Amino acid sequence: MQKEPILKLENIVKVFPGVKALDGVQLDVYPGEVHALCGENGAGKSTLMKIIAGAQGYTSGKMYMDGKEVVFHSTKEAEKMGIAMIYQEFNMVSELSVAENMYLGRLPKKTSGLVDWKKLYENADSVLKRLGLKFGSKTKVKDLSVAESQMTEIAKCLTIGAKVIIMDEPTAALTGEEIKILFGIIEELKKQQIAILYISHRMDEIFKISDRLTVFRDGKYIASKMISQTDYDDVVSMMVGRNVDQLYPERNYVPKEVIFEVKNMVCKGVNNVSLQLHKGEILGISGLMGSGSIELSKAIYGAIPKKSGQILIHGNEKDCSSPKKALASGIGFVSDDRKQEGLVLIRSIRENIAMSSLKKYTKIVCLDKKLENQRMDEEVKKLNIKMSSPAQLVGKLSGGNQQKVVFAKVLESNPEILILDEPTRGVDVGAKAEIYSIMNELSKEGKSIILISTDLPEVIGMSDRVLIMREGRMVCEVHREEMNQETILAYASGGVKENE
């Protein structure tokens, strides 16, 4: 690593009306390194990245590129200096080709002023080849997979001569195999002395791919450390400002009576699956992407149709052919996509929490606002939802607080059985610890939970028992004393034959 940073920030302050988002932040980034940015939601990471990328100004401080002070007034100015950002939501025109998107606004021209299509595709194919990508530059973006779209964004960065590439949650929508490809490309970028600023909530990724990390908390710089000189517990304690001695609460579950059964479930992506859930149990269901676990949960809740199979609660068959019927039967559901399926982002916290339980607050045809407000206050306090007021729009909350609003909404309907799909996806470690504590308390109260997650430490840390799915079938049951990542992965990936 060379002595001079390619990007340097000194004492950056950003003040929004009434809020100091960044307070004296510093950052050094060197060529050819992957530098991870760590911090809870609201720590200031996104604001800082937008400042670096020229999408947002700053109140005071200094920024340097190659030792020279710079001030960006737009993303175009940042790009000219070699800074590019890949956002979680891709910024491409789906009807245009990969090449056209890579050189959008910078298409090569002939002396006549017409587009030089031959040169465009040759240049684009050369960059794709440099990254080891298999698809051609004439492919339309709409025909790419999510992973290929992301690779196209990276290729676009190279066409502008990027020296620093900012990646915001780059693996959020990728499968395990696609993540391996992305990491391979990042290694290639490092060899070309391109610096990567890497933002992720996935600690295992950060420790696998990064050379160095910087921690922010409440808009302030906390520390920068070489990956080799820190560990998970150290980073977590810096992020939250306290020791998180035990992320997963200690569980001493003793099996009780069976209260919920699925028999011979068949639906799209699920083939003849049966399971039992005991009172107060947290039952983990694990599998690789496409294993059918998410489809199973949505079929149980009536969100997708089942072809055949039975759902029994306390031995009695229930009609759960729609979410409304499932909810009435005592089943609550937390979706893996809170923004599309869990919340109405343009409505208030109060309205979102009350959404599934309006009958409780209704007197004849009018809402009992007093009762509604009382219940909202109780849920907000119980789940420690950080907000300005119950009237605040849910879309303005951090990811962790949005997820807690989803929990509050589901709990207001007082379900006996809770199905949780990826309940901590996209939330920081502090919010994860709170959600795990909530799950533990709910199970102590006698509620039974089905936890569906691709996060193996989460499944192992929270489950009393784990069922493993592969290609739409249930292939193995693992009890708590036998749980480890190697065993679960071996069964999930087909490395071990299913139990007979």
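Going by the structure above, here's the rest.
Reading across the sheet, the 6 strands line up as S16-S19-S20-S13-S21-S22 and stay open at both edges, with mixed pairing between neighbours. Pairing within the sheet leaves two strands with one partner each, and these edge strands are strand S16 (331-334) and strand S22 (473-479). The sheet shows a mean angle of 20 degrees between the axes of neighbouring strands, direction not considered. Relative to strand S20 (residues 448-452), strand S13 (residues 282-286) runs parallel, the two sharing 4 bridges. When the sheet's bridge partners are listed, Ile285 is paired in S20 with Ile452.

Looking now at the packing of aromatic side chains. Aromatic rings in a pair are described by how distant their centres are and how their planes are angled relative to each other. Counted under the stated rule, the structure contains 3 aromatic pairs. A centroid spacing of 6.2 Å and a plane angle of 25 degrees characterise the contact between Trp117 and Tyr121, whose relative ring orientation is stacked. Of this pair, Trp117 and Tyr121 are both found in helix H4 (residues 117-130), 4 residues apart, which corresponds to roughly one turn of the helix. On the accessibility criterion, Trp117 (39% relative accessible area) is partly exposed. Summarising the aromatic geometry, the rings of Tyr248 and Tyr436 are spaced 4.9 Å apart at their centres and angled 35 degrees between planes, so their arrangement reads as tilted. Of the two residues, Tyr248 sits in the loop between helix H8 (232-240) and strand S11 (258-267) while Tyr436 sits in helix H15 (residues 429-444), which places them 188 residues apart along the sequence. No difference in accessibility class separates Tyr248 from Tyr436, as the two residues are buried. Over the ring of Tyr121 we find Lys138, and its NZ or CZ is 5.2 Å from the ring centre.

Right, let's talk about the environment of Leu182 for a bit. Its location among the elements puts Leu182 in helix H6 (residues 176-191). Note: C-alpha distance between Leu182 and Pro170 (12 residues apart in sequence) is 8.5 Å. In contact with Leu182, not counting residues within four places along its chain, are Gln150, Met151, Ile154, Pro170, Thr171 and Leu174.

Keep in mind that most residues, glycine aside, have a negative phi and that most peptide bonds are trans. Unusually for a residue other than glycine, Glu169 sits at a positive phi of about 45 degrees. By the secondary structure assignment, Glu169 is in the loop between strand S7 (164-168) and H6. One non-glycine residue, Glu422, adopts positive backbone phi at about 45 degrees. With respect to the secondary-structure elements, Glu422 resides in the loop between strand S19 (417-421) and H15.

Alignment of S11 against strand S14 (residues 306-313), held across 6 bridges, turns out to be antiparallel. Looking at S14, one finds that Cys267 is bridged to Lys306. Counting the residues in the hairpin turn of S14 and strand S15 (residues 316-317) gives 2 residues, including His314, whose phi is positive at 55 degrees.

Tracing the backbone through its elements, the reader meets Glu205 in helix H7 (residues 203-209). In this structure Glu205 comes out as buried when scored by relative accessible area, which is 5%. At a separation of 2.9 Å, a polar atom in the side chain of Glu205 contacts the side chain of Tyr198. The contact partners of Glu205, leaving out residues within four places of it in the chain, are Thr171, Ile179, Phe183, Tyr198, Ser200 and Ser210.

Definitions and limits used
Residues numbered from 1 in each chain as written. Predicted model: local features only at pLDDT ≥ 70, side-chain atom pairs only at ≥ 80, totals over all residues. Heavy atoms only, no water. Pairing = 2+ DSSP bridges. Helix = DSSP H or I, 4+ residues; strand = E, 2+ residues; numbered from the N terminus. Axes fitted to C-alpha atoms, helices over the stretch in contact; angles between N-to-C directions. Phe/Tyr/Trp six-rings, centres within 6.5 Å; stacked < 30°, edge-to-face > 60°. Buried < 20%, exposed > 50% of the residue type's maximum accessible area, 1.4 Å probe, protein only. Lys NZ or Arg CZ within 6 Å of the ring centre and 35° of its normal. Contact = heavy atoms within 4.5 Å. Polar contact = N/O pair within 3.5 Å; in protein donor to acceptor, adjacent residues only side chain to side chain.

That's the geometry; what it means functionally is another story.
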